[in-house]
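# Structural characterization, general
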Amino acid sequence: MVHKKKKPASATRRLHRTLGAAAALFVLFMVLTGLAINHANGLGLDRQQVTFSTLLDWYGLDEPENLLSFGLGDAWISFAGSQLFFNEHPVATVNGGAGAVSVGGLLVAASSDELLLLDPDGALVERLPWASIDPQPIRMIGLTSENAVVVRSGGRLWTADADLLNWRQDADTSSNLRWAAPQPAADALQQAIGRAYRGQGLNLERVLLDLHSGRIFGPVGVLVYDLLALVLGFLAISGLVLWFRSRRNGKSK
Amino acid sequence: MTLSLPALVFPASVYETQPEFLARAFSGPPPEPGILWLSGERKSAVRQILGHDYAALRLRYWCQDGRSAWVLEEIGKELPITVGIITEKNYISSLRVLTYRENRGGEVVAAAFTDQFNTAALTDNNGLDVRIDGISGATLSVQALTRLAAMALFLHAESGCSDGA
């Protein structure tokens, strides 16, 4: 029996094999993340908040610097950064926090540029843009002695009707008013709000996009991905070269 | 090492304020606002139109001489788009984006796009009776505005404003 001596692989073939094997995992990773990104909306990944604290730390998402809480009976309304919370549940994104009061079965939270009406379960009833009443930002919210909601914006005082539909400008009678003042919430509530606040800043689609582009690893990650992209380009070219070479060798036999 | 998420926050573009919208909707000072609660069958119908519950339980609207004005919000991709819609009789007479917050899809604020909603009426299954041409790259915003247009027409009928209420 005659053994045909195996011809040693060319340098191009050896490099193609080595780089191909090394790039296989990267290609699979890009395929999976690419598919997920393409269907992120349908899969609800853009609405899925990240709660993994190590990842939140990696993104630099800290707990809110300022937490203003207002106790209204059994419920707490809190302003944490740009988020409004009903107890530990995020309700809406707001611009600053001026205070909160309870009136007629509704909770009224005042940010600097709008009033948010919540029902006793924390469901959003209505958002009232304050600019439609006064161009000056809201500074304080409180109640009159007749339990009407009163707001101070700029140097003006505004009093609402019972439905919070119409507002009239009043003379400043602040001695009869009870302005909302922040109170320290329980530690457990503060910690729960901190966790929820951090998660609001990052969704799974964002993480996948950063994984897919390499940006999650910073500028170095992008450069590494560039290098891997060049390797894939080399594999495409070396694959074509090897294919043409094997065709030519096949014809010459 | 940390990533720079603040770079992802885009400022909202305000194209028309609510007072400006109301001034355009009504000749002279706007009427007193009315309230429409989204509860019961009305809430279900709105859910069917939007594909989800509206983000608030009550809406204020302005009605005069059979014409009503609505300021509604709907999320395009991630952030709410504020839209001012004027309806009269049973059709839309104007739809304009008041505030746009998304970083993509802002082409929907162009009058060339929003004018497509003029004269749109509601079909029996709470859709629009006109075809709205989409915009490449702004699909979710186009869909959001189309849903709000149908919602405004439904609410206009619910408010009784078309009867001169």
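Anything mentioned here points back to the structure above.
Let me begin by describing the structure that accompanies this report. (Residues numbered from 1 in each chain as written. Chains lettered and ligands numbered in written order. Predicted model: local features only at pLDDT ≥ 70, side-chain atom pairs only at ≥ 80, totals over all residues.)

A tally of regular secondary structure across chain B gives four helices and six strands. Reading the helices (α) and strands (β) of chain B from amino to carboxyl end gives β-α-β-α-β-β-β-β-α-α. The burial tally for chain B puts 37% of its 165 residues in the buried class. Across chain B, the fraction of contacts at a sequence separation of at least 24, relative to all contacts at a separation of at least 6, is 62%. (Helix = DSSP H or I, 4+ residues; strand = E, 2+ residues; numbered from the N terminus. Buried ≥ 20, exposed ≤ 12 C-beta atoms within 10 Å, placed from the backbone. Contact = placed C-beta atoms within 7 Å.)

Before going further, it helps to spend a moment on the packing of helix H1 (residues 11-38) of chain A against helix H5 (residues 204-213) of chain A. Residue and element names in this part refer to chain A. At a closest axis distance of 9 Å, the pairing of H1 and H5 adopts a crossing angle of 145°. Note on packing geometry: the crossing formed by H1 with H5 is left-handed. Contact with H1, carried on its side by Met30, Thr33, Gly34, Ala36 and Ile37, involves Glu205, Leu208, Leu209, Leu211 and His212 of H5 and no other residues of that element. Of the residues that constitute the contact of H1 with H5, the class distribution is six nonpolar, three polar and one charged. (Axes fitted to C-alpha atoms, helices over the stretch in contact; angles between N-to-C directions. Left-handed = near helix turned anticlockwise from the far one by under 90°. Nonpolar A, V, L, I, M, F, W, Y, C, P; charged D, E, K, R; others polar.)

With that settled, consider the environment of asparagine 126 of chain B. Residues and elements named next belong to chain B. Residue placement: asparagine 126 occurs in the loop between helix H3 (111-114) and helix H4 (139-159). Taking the C-beta count within 10 Å as the criterion, asparagine 126 has 15 such neighbours and is therefore assigned partly exposed. With 77 residues separating them along the chain, asparagine 126 and isoleucine 49 place their C-alpha atoms 6.5 Å apart. Residues contacting asparagine 126, with those up to four places away along its chain left out, are Ala45, Gln48, Ile49, Ala150 and Phe154.

This part is about the interface of chain A and chain B. In this complex, chain A contributes 21 residues to the contact, which on the side of chain B involves 16 residues. At five residues, the largest contribution of residues to the side of chain A that touches chain B is made by strand S8 (residues 124-129) of chain A. Grouping the constituent residues of the side of chain A that touches chain B by class yields nine nonpolar, five polar and seven charged.

Okay, the pairing of strand S9 (residues 138-143) of chain A next. Residue and element names in this part refer to chain A. Across five bridges, S9 lies against strand S10 (residues 149-153) in antiparallel orientation. Paired with isoleucine 141 across the two strands is valine 151, which belongs to S10. Counting the residues between successive antiparallel strands, the hairpin from S9 to S10 contains five residues, one of them, asparagine 147, with a positive phi of roughly 65°. Here two bridges tie S9 to strand S13 (residues 178-179), and the two strands are oriented antiparallel to one another. Across the sheet, glycine 142 pairs through a bridge with tryptophan 179, a residue of S13. (Pairing = 2+ DSSP bridges.)

With that settled, consider the nonpolar core. Val83, Ile85, Leu148, Ala149 and Ala152 of chain B are the most contacted members of the largest nonpolar core, which totals 42 residues. Counting only elements with at least two residues in this core, the list comes to helix H1 (18-25), helix H2 (40-50), strand S3 (58-64), strand S4 (67-75), strand S5 (80-88), strand S6 (91-100) and H4 of chain B. The element best represented in this core is H4 of chain B, accounting for 10 residues. Residue contacts for valine 83 of chain B: discarding those within four places in its chain leaves Leu72, Leu95, Val97, Leu98, Leu145 and Leu148 of chain B. Judged by nonpolar contacts, the second largest core, of 36 residues, contains Trp76, Phe85, Val94 and Ala160 of chain A. (Core = buried A, V, L, I, M, F, W, Y, C linked by C-beta atoms within 7 Å.)

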